[in-house]
Amino acid sequence: MSVLIFIDINEEGAVKKTSLEVLTYGARLAQQLGVPAEGLVLAPVKEELAALGKYGVQTIHQVQNEALAHFDAQVYTKAIAQIAEKTGASVILFSNNTDGKALAPRLSARLKAGLVSGAVALPETANGFIVKKSVFSGKAFADIKIATPVKIITLNPNSFTIEAGAGTATVTPVEVTVDAPKVKTVSVNRQSSEVPLAEAERVVSGGRGMKGPENWGILEDLAKALNAALACSRPVADAHWRPHNEHVGQTGGAIAPNLYLAVGISGAIQHLAGVNRSKVIVVINKDPEAPFFKAADYGIVGDLFEVVPKLTEAIKQL
Ligand code: FAD
């Protein structure tokens, strides 16, 4: 019995921040269950894996296999299933990010393991295994009992605080038997913003109120001053003002940063569905009746073309 934590590696070979959250969560859960916490790395990595022990994981299984050089959900699922069976994992954890959402359901079907996606807290294990998850686009919570011997959980990004101690993990090489991916990666395009949107602690987002792509410079300056990622509403991406990977909402990405700064966005329900788990929402809109103000923690009623440069200057002075 163990808790097996999938460690997500980005294309630059670095451990994703969301993985540090899952490592902390997994270590705490393992402690609660009285079993070891073990990490699993499939992709090529440039970081010192033993150092991840400071998040509470004792062992890291590292697979080095050419077939796993780039993320492929089918090949990765097969590899994780083999390691889970070899290590006798009783709980398998992922981040509820794009990779985790692709892997967890496939693994659930393969291992016949119950899955709860989008967990927001440690499971209650005193009487069964009950996982709290966010439902209805963050408007409510549901407690779900997993009854299968092997359990899979995906953890919502930014819902668990990363905690680091002083430990070191033992890194053990493991082998898997997988076929080459059926899809070949020909090139990898970097995201437009320097901070990946899904992992960002702060997000500056623009809507149709920005009037056109030529005006995005003021948002880029603000994002830079805040060390934030850029996002946008759907009409902005549909009009090709910004790339589609920045579009958030019901049909775009769902994010939960510590700060979401919405500029010239009306706050339609479909937009809110992707951002209402943000810890603090700040809205800049010239219309005091804009629906977004109802969901905001702080609001500025004013012309964004006047407010945003002043805000950026004020932040730079801090
Ligand atoms: P608008 O609604 O046009 O709002 C622009 C805002 O900018 C206004 O509030 C205006 O007051 C303000 N403004 C204008 N000029 C200024 C200025 N100078 N200074 C300050 N403020 C200014 N939308 C999403 O975003 N994400 C989704 O995932 C999504 N999915 C959808 C799915 C479905 C099935 C449907 C039907 C719709 C979906 N939509 C989605 C669209 C959604 O309903 C809204 O149409 C959209 O969010 C509006 O985008 P917006 O706020 O940028 O534009």
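Above: the structure in question.
Bear in mind the structure is a predicted one, so any value in this text is a computation, not a measurement. (Residues numbered from 1 in each chain as written. Predicted model: local features only at pLDDT ≥ 70, side-chain atom pairs only at ≥ 80, totals over all residues. Heavy atoms only, no water.)

Draft legend 1. Spatial organisation of the nonpolar core. L42, L52, I92, L93, F94 and I153 are the most contacted members of the largest nonpolar core, which has 59 residues in total. In this structure I153 touches Y25, V91, I92, L93, F94, V116, A119, P123, F129, V131 and I146, once residues within four positions along its chain are discounted. (Core = buried A, V, L, I, M, F, W, Y, C linked by side-chain atoms within 4.5 Å. Buried < 20%, exposed > 50% of the residue type's maximum accessible area, 1.4 Å probe, protein only. Contact = heavy atoms within 4.5 Å.)

Draft legend 2. Local environment of the packing of helix α4 (residues 217-226) against helix α8 (residues 304-317). Between α4 and α8, the shortest axis-to-axis distance is 9 Å and the interhelical angle comes to 25 degrees. With respect to α8, the axis of α4 lies roughly parallel. α4 and α8 meet at a crossing whose hand is left-handed. Judged by residue contacts, I218, L219, D221, L222, A225 and L226 of α4 engage L304, F305, V308, P309, L311, T312, I315 and K316 from α8. Residue composition of the contact of α4 with α8, by class: 11 nonpolar, one polar and two charged. (Axes fitted to C-alpha atoms, helices over the stretch in contact; angles between N-to-C directions. Helix = DSSP H or I, 4+ residues; strand = E, 2+ residues; numbered from the N terminus. Parallel < 35°, antiparallel > 145°, perpendicular 65-115°, else oblique. Left-handed = near helix turned anticlockwise from the far one by under 90°. Nonpolar A, V, L, I, M, F, W, Y, C, P; charged D, E, K, R; others polar.)

Draft legend 3. Region of the structure containing the packing of helix α2 (residues 73-87) against helix α3 (residues 98-111). Direction vectors running N to C along α2 and α3 enclose 55 degrees, while the axes themselves pass 9 Å from each other. As the angle between them shows, α2 and α3 are arranged oblique. Taken as a pair, α2 and α3 cross one another with a handedness that is right-handed. Here α2 contributes A73, Q74, Y76, T77, K78, I80, A81, A84 and E85 to the contact with α3, which in turn contributes A102, L103, R106, L107, R110 and L111. Here the residues of the contact of α2 with α3 sort into nine nonpolar, two polar and four charged.

Draft legend 4. Geometry of the pattern of salt bridges. According to the stated counting rule, one finds 11 salt bridges in the structure shown. Salt-bridge contacts for E163 lead to R28; the nearest nitrogen and oxygen are separated by 3.4 Å. Pair noted here: E163 is in the loop between β8 (151-155) and β9 (170-174) and R28 is in helix α1 (residues 17-33), with a separation of 135 residues, a long-range link. One salt bridge in this structure joins K78 and D179, with 3.9 Å as the shortest N-O distance. With K78 in helix α2 and D179 in the loop between β9 and β10 (202-206), this pair connects stretches of sequence that are 101 residues apart. Residue classification places K78 among the partly exposed residues on the basis of a relative accessible area of 28%. Given a relative accessible area of 54%, D179 falls into the exposed group. When salt bridges with common partners are traced through the structure, they connect D8, K16 and D99 into a single cluster. (Salt bridge = Lys/Arg side-chain N within 4 Å of Asp/Glu carboxyl O.)

Draft legend 5. Seen up close, the pairing of strand β1 (residues 3-6). Going residue by residue along β1, you find V3 and I5 tucked away on one face and L4 and F6 tucked away on the opposite face as well. Pairing geometry for β1 and strand β4 (residues 91-95), over three bridges, is parallel. Looking at the pairing, I5 lines up with L93 of β4. Bridge analysis of β1 against strand β2 (residues 37-41) gives four bridges, and the strand direction is parallel. Among the inter-strand pairings, I5 is bridged to a residue of β2, identified as G39. (Pairing = 2+ DSSP bridges.)

Draft legend 6. How the structure looks around the sheet that holds strand β13 (residues 280-285). Spatially, five strands are ordered β11-β10-β12-β13-β14 in an open sheet, and the strand pairing comes out parallel. The open sheet has two free edges, formed respectively by β11 (229-232) and β14 (298-301), since each of these has just one partner strand. For this sheet, the mean angle separating the axes of adjacent strands, direction not counted, is 15 degrees. Where β10 meets strand β12 (residues 259-263), five bridges bridge the pair, whose relative direction is parallel.

Draft legend 7. Structural view of the site of the ligand. Around the ligand, a shell composed of 26 residues is seen, among which R208, K211, S233, S266 and N285 lie nearest. Between V248 and the ligand, the recorded distance is 2.9 Å, taken from a backbone N or O atom to a nitrogen atom. At a separation of 3.5 Å, an oxygen atom of the ligand approaches a polar backbone atom of G252. When the ligand is considered free in solution it has 980 Å² of accessible area, and contact with the protein chains removes 77% of it. One can see that the ligand is located within the second largest pocket. (Near = heavy atom within 4 Å. Polar contact = N/O pair within 3.5 Å; in protein donor to acceptor, adjacent residues only side chain to side chain. Areas by Shrake-Rupley, 256 points an atom, 1.4 Å probe, with all protein chains shown as cover. 1 Å grid on protein atoms, 1.4 Å probe; cavity = no way out; pocket = protein on both sides within 12 Å on 5 of 7 lines; lining within 4 Å. Sits in = over half its atoms within 2 Å of the grid points.)

Draft legend 8. Region of interest: the pairing of β11. Burial of β11 is two-sided: the residues A229 and A231 facing one way and the residues L230 and C232 facing the other way are all buried. As defined by bridge partners, β10 adjoins β11 across four bridges and the pair is classed as parallel. Note on β11: the bridge partner recorded for V203 is A229. In this view, the connection linking β10 to its parallel neighbour β11 by way of α4 has right-handed handedness. (Right-handed = clockwise from strand over helix to strand, strands pointing away.)

Draft legend 9. Geometry of α8. The end-to-end C-alpha separation of α8 is 20 Å, in line with the 20 Å expected for 14 residues at 1.5 Å each. Those residues of α8 that sit buried are L304, V307, V308, T312 and I315. Burial along α8 is one-sided: seen end-on, the buried residues are contained in an arc of 130 degrees. Opposite the buried face of α8, at more than 90 degrees from it, the exposed residues are E306, K310, K316 and Q317. Buried residues along α8 sit against α4, β12, β13 and β14. At the N-terminal end of α8, a side-chain oxygen is found 2.9 Å from the backbone nitrogen of F305, two or three residues along, and the residue is D303. (Expected span 1.5 Å × (residues − 1). Arc of directions from axis to C-beta.)

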